[in-house]
Amino acid sequence: MKSFLQSKGLRESLRIVLAVTVGLALGFIITLFVSEDPIGAYKAFLLGPLSRLNRIGDWLEESLTLILLGLTICIVFNASQWYIGVEGQMLLGAMASGCVILYLPLPILPRVILAFITAMLVAAIWGIIPAILKAYYKANELVTSLMFNTIAIKLFEYVLKNFIMHEKSRSVSSDMIPKELRLPTFIPDLPFLAGIREMWMKNTSVSIMVYIVIIAVIVVYYLLYKTPFGYELRTVGLNEKFARYGGININKTIILSIMVSGCFAAIAGVHLTLAIHNRLIQNMTSGLGFEGINIAILAGNNPLGVPVAGLLYGYLRAGSDVMERSSDVSRELVFVIQAMVLLLVTAERLLPTIQKRIAEIRQNNGNGNGKNKNAKNVKEGETNVA
Amino acid sequence: MSLETVIRSIFSTLFIASVIRISTPIIFPAMGGLIATVTGVPNMALEGIMNVGAFTGVMVSAYTGNVWIAILAGIVAGVLMALLLGLFHLKFKTDLFMAGLAVNLMSMGGTVFLLYIITGDKGNSSNVKSLSVPELSLPLIKDIPVLGEILSGHPVFTYLAFFIVFLVYIFLYRTRYGTHMRAVGENPEAATTMGINVVRARMIALAISGVLAALGGMNLSMAYLQLFQREMAAGRGWIGIAAVHLGARRPLGVMLAAILFGFADAISNQLGSLNIPSQLVQMIPYVTTVTALAVYAIQQRQAAIERMKRYQKEHIEVLATGEPQGE
């Protein structure tokens, strides 16, 4: 039994590795066509994030946000709810936390904690309307949540421009958040770590969010697999009729799944406000919400896989930034690669179809007698392993 | 500008003409979404295909100098994206929703990537000189006082959009193949036993939706504006999907839903000149979409409950009288 489980997991991860490799290869082929110095550009893309300490920091920071967004989507997708209002929930969470931090005169610790709680509440409440419409009236949650995203973006801009922004300031943004209210660095202030801490803080601002994200991953795993709510949620996701027959309150589960997922989107928003941008600015989420979907899918909707997928996509994003700055290839290449990986990972029948086709070719031609066919046979060997 | 002038302008012929113009790029993807949805493959990539169509149209028109070749190229590009979606969903069993998202992502990234390579700009294509489709003034109608102003002088695409609504109706309800497609959407197993090729019907439905979404995109970049902008569709593909739901999957209903969104958009354009924060005004089309979807969903739910009650009543009466009848 154990070996069986292992082999299945191995197969899945091999499939993902294969998909990522094919995606990166495709990206390289595109680079070959468009770049003056394709090798240099691709080297910057693949190795760039590791080349300097501050770039490693950027990669980790980006990944933390992405992991939280992946967890958000992971919860709703496990309930088979195609709710993708993450962007709006994240943005409003960021706004709520920013307001609390900037305007509530409280001591530091309670203020930061209150910022987290307010953000989570706001995000959860923002999800209620699409959730109720879906649960009770079967309104397509995909469309409503997308509409709510745009509404949230406009609402954020409205509040930012009319209530938060200073009339004198040139950019559309709030004041900078004071240093002591930002999330502190994740390396604890211990004597023997002082040197590393100093160096790390000078270059990056990776914060204690690292620990919060680790806890969040464990919480989501526990929630989905070890609690009655998680069981109900997954049952609804697998088969709604069966869940109803089993006496599960489907409407409640759907609404709760969307609200709970919103809490993690809100933490991502807090991360943007209190650690990355350190203020509220226009376009602060810039399409990050959709990345959550890619990550959840790459992780197979398993919360334990989300950190790996998040680190991978964070790496690709950071790499594409480096590539854009140091070569003539623009960072949008990474979206094409991601889309390819997404298609290949979710294509359940892709490998069997290729295997069948190769077997047919083999049968028709007897033993491979060209170089081309040998190559194909080699590939078949690979796919059999996968 | 005062409220009075805004209200007066809303009741003007120019406003009605602008509603028609703004509705056009929603009608195209909505019709595409309709055909795909009734065939059982709700196309979630309309948004991305619109971007691809808009981009291809602009670039080909700039380099060939021929609008019609450009339109053809845009359509081909749209169909290719739709077939990519179909290939992965129908042959490789990718979840349709996820494949749609992937195609959207690829279109969004791909168009900006190519835009940068071709024009050196990531925002829009104003560096290259692209063409727009001609406007059509209807010979006799343009001389009628009010009607002429409303109906005449729109880009060719606008007339095409309304004509396509008619064509889609004829196709789905009056032709053999359209009926087959609806059968495939209703019950694929039954359709298979009747000898209909389900995969082929769905592939064709996706291809048609690709054609229509690409036309919608080109309507934006070659008629509405005369250039391509990053993420030009700006949610119109998704609003098109909302229109399919709202229009109860009927061509006429879907068209009316699309016009409702066009109307909300036109209103928000007019209110933009008032002293209301622009962000609130810009919310109007999206709030309208959600409200309309909510009202429709609630109404459907009530109708279903009503039906169930009636059924129960009849059923129980039959049981009570002990006469099992056909109805």
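Just so it is clear, the model here is predicted, and its values are computed rather than measured. (Residues numbered from 1 in each chain as written. Chains lettered and ligands numbered in written order. Predicted model: local features only at pLDDT ≥ 70, side-chain atom pairs only at ≥ 80, totals over all residues. Heavy atoms only, no water.)

### So, the overall build of chain B
When you go through chain B residue by residue, the secondary structure sums to 13 helices and two strands. Taken over C-alpha atoms, the radius of gyration comes to 22 Å for chain B, in line with the 20 Å a tight globule of 327 residues would show. Dimensions along the principal axes, computed over C-alpha positions, put chain B at roughly 80 × 55 × 40 Å. Within chain B, the proportion of its 327 residues that are buried is 51%. In chain B, the proportion of contacts linking residues at least 24 apart, taken out of those at least 6 apart, comes to 73%. In chain B, 21 positive and 16 negative side-chain charges are present, and the distance between their average locations comes to 6 Å. (Helix = DSSP H or I, 4+ residues; strand = E, 2+ residues; numbered from the N terminus. Rg over C-alpha atoms; globule rule 2.2 N^0.38 Å. Buried < 20%, exposed > 50% of the residue type's maximum accessible area, 1.4 Å probe, protein only. Contact = heavy atoms within 4.5 Å. Lys, Arg positive; Asp, Glu negative; His and termini not counted. Charge placed at Lys NZ, Arg CZ, Asp CG, Glu CD.)

### Digging into the overall build of chain A
Counting its secondary structure elements, chain A contains 17 helices and zero strands. With respect to the principal axes defined by its C-alpha atoms, chain A has extents near 80 × 60 × 45 Å. In chain A, which comprises 386 residues, the share counted as buried stands at 51%. Put simply, of all contacts in chain A between residues at least 6 apart along the chain, 72% involve residues at least 24 apart. Carbon and sulfur atoms make up 63% of the accessible area of chain A, which amounts to about 18200 Å² in all. Considering chain A, the positive charge centre built from 35 side chains and the negative charge centre built from 25 side chains are found 6 Å apart. (Areas by Shrake-Rupley, 256 points an atom, 1.4 Å probe, with all protein chains shown as cover.)

### Describing the confidence of the model for chain B
Predicted confidence across chain B gives a mean pLDDT of 86, with 97% of residues reaching 70 or more. Interface confidence for the predicted complex, expressed as ipTM, amounts to 0.82; the pTM equals 0.85. (pLDDT = per-residue confidence, 0-100.)

### Side note on unusual backbone geometry
Residue and element names in this part refer to chain A. Unlike most non-glycine residues, N278 shows phi in positive territory, near 60°. Summarising the element assignment, N278 is placed in the loop between α12 (250-276) and α13 (288-298). The phi torsion at N301 lies on the positive side, around 55°, for a residue other than glycine. Its place among the elements puts N301 in the loop between α13 and α14 (306-326).

### A look at the packing of α14 of chain A against helix α15 (residues 333-346) of chain A
Residues and elements named next belong to chain A. For the pair α14 and α15, the least separation of the axes is 9 Å and the interaxial angle reads 155°. Taken together, the axes of α14 and α15 lie roughly antiparallel to each other. The two elements α14 and α15 meet at a crossing, and its hand is right-handed. When α14 is examined against α15, the residues Y313, L316, R317, S320 and M323 are found in contact with a partner set consisting of L333, V334, Q338 and V341. Class assignment for the residues of the contact of α14 with α15 results in six nonpolar, two polar and one charged. (Axes fitted to C-alpha atoms, helices over the stretch in contact; angles between N-to-C directions. Parallel < 35°, antiparallel > 145°, perpendicular 65-115°, else oblique. Left-handed = near helix turned anticlockwise from the far one by under 90°. Nonpolar A, V, L, I, M, F, W, Y, C, P; charged D, E, K, R; others polar.)

### Observations concerning the environment of V128 of chain B
Mapped onto the elements, V128 of chain B comes out in the loop between α5 (96-119) and β1 (135-136). Remark: the alpha-carbon pair of V128 of chain B and V58 of chain B, spanning 70 residues in sequence, is separated by 8.8 Å.

### A closer look at the interface of chain A and chain B
With 49 residues of chain A at the interface, the matching set in chain B holds 43 residues. For the pair chain A and chain B, the two sides together bury roughly 4000 Å², of which 82% comes from carbon and sulfur. Considering only the side of chain A, the residues that lose the most area to chain B are M147, E332 and L343 of chain A, jointly responsible for 16% of the buried surface there. Along the contact surface separating chain A from chain B lie three salt bridges. When the shortest N-O distance is used, the salt bridge between K122 of chain B and E332 of chain A registers 2.9 Å. At the junction of chain A with chain B, the criterion picks out six residue pairs in polar contact (both at pLDDT 80 or more). Elements represented by at least two residues in the side of chain A that touches chain B include exactly α1 (2-34), α6 (128-137), α7 (141-164), α13, α15 and α16 (350-365) of chain A. Of the residues forming the side of chain A that touches chain B, the biggest block, 14 residues, is contributed by α7 of chain A. Tallied by class, the residues present in the side of chain A that touches chain B amount to 31 nonpolar, nine polar and nine charged. (Buried area = accessible area lost by both parts, 1.4 Å probe. Salt bridge = Lys/Arg side-chain N within 4 Å of Asp/Glu carboxyl O. Polar contact = N/O pair within 3.5 Å; in protein donor to acceptor, adjacent residues only side chain to side chain.)

### Here's the deal with the packing of helix α7 (residues 156-174) of chain B against helix α8 (residues 176-186) of chain B
Residue and element names in this part refer to chain B. Two elements in contact, α7 and α8, have axes separated by 5 Å at closest approach and are oriented at 75°. Here α8 runs roughly perpendicular to α7, going by the angle between their axes. For the pair α7 and α8, contact is made by F171, L172, Y173 and R174 and by R176, Y177, G178, T179, M181 and R182, respectively. Residues that form the contact of α7 with α8 fall into these classes: five nonpolar, two polar and three charged.

### Observations regarding the packing of aromatic side chains
Residue and element names in this part refer to chain B. The final tally for this structure, using the stated rule, is 16 aromatic pairs over all chains. Pairing F88 with F92 gives two aromatic rings, centres 5.3 Å apart and planes at 80°, and the pair type is edge-to-face. The side chain of K122 reaches across the aromatic face of Y116, ending 5.7 Å from its centre. The side chain of R236 reaches across the aromatic face of Y224, ending 5.8 Å from its centre. (Phe/Tyr/Trp six-rings, centres within 6.5 Å; stacked < 30°, edge-to-face > 60°. Lys NZ or Arg CZ within 6 Å of the ring centre and 35° of its normal.)

### A short note on a nonpolar patch on the surface
Residues and elements named next belong to chain A. Side chains of L109, I113, I117, L121 and I125 sit close together on the surface and give an oily, nonpolar patch of about 500 Å² of accessible area. Tracing the backbone shows I125 in helix α5 (residues 108-126). I125 sits in the exposed class, given a relative accessible area of 52%. (Patch = residues over 30% accessible without salt bridge, like charges linked within 9 Å, V, L, I, M, F, W, Y side chains within 5 Å.)

### Brief notes about a positive patch on the surface
A surface patch of positive charge is lined by R349 and K356 of chain A together with K91 and K93 of chain B. Along the chain, K93 of chain B falls in the loop between α4 (67-91) and α5.

### Thoughts on the pattern of salt bridges
On inspection of all chains with the given rule, the structure shows eight salt bridges over all chains. Taking the shortest distance from any N to any O, the salt bridge between E291 of chain A and R317 of chain A comes out at 2.8 Å. Of this pair, E291 of chain A sits in helix α13 while R317 of chain A sits in helix α14, and the two are 26 residues apart along the sequence. For the pair shown, E291 of chain A and R317 of chain A are each scored as buried. Here R230 of chain B ties to E231 of chain B by a salt bridge, and the two come within 3.6 Å at their closest N and O atoms. Here E231 of chain B falls in the partly exposed class, since its relative accessible area comes to 39%.

### Re the confidence of the model for chain A
The predicted model of chain A averages 83 in pLDDT, with 92% of residues at 70 or higher. Counted against residues more than four places away or in other chains, residues 368-386 of chain A, with its pLDDT under 50, gives 18 contacts.

### Overview of the side chain of E332 of chain A
By the secondary structure assignment, E332 of chain A is in the loop between α14 and α15. Judged by relative accessible area, E332 of chain A falls into the buried class, the value being 2%. At 2.9 Å, the side chain of E332 of chain A forms a polar contact with the side chain of K122 of chain B. The residues touching E332 of chain A, leaving out its near neighbours within four places in the chain, are E324 of chain A together with G109, V112, F113, K122 and R230 of chain B.

### Some words on the environment of R202 of chain B
All names here are of chain B. Tracing the chain through its elements places R202 in helix α10 (residues 198-224). Here R202 falls in the buried class, since its relative accessible area comes to 15%. In sequence terms R202 and G240 are 38 residues apart; their C-alpha atoms lie 19 Å from each other. Setting aside residues up to four positions removed in sequence, R202 forms contacts with T39, G40, V41, L90, V184 and P188.

### As for helix α11 (residues 236-246) of chain B
Residues and elements named next belong to chain B. In terms of residue burial, α11 counts as a mostly covered element, since 10 of its 11 residues are buried. Listed in full, the buried residues belonging to α11 are R236, G237, W238, I239, G240, I241, A242, A243, V244 and L246. Following α11 by one or two positions, A248 has its phi on the positive side, about 55°.

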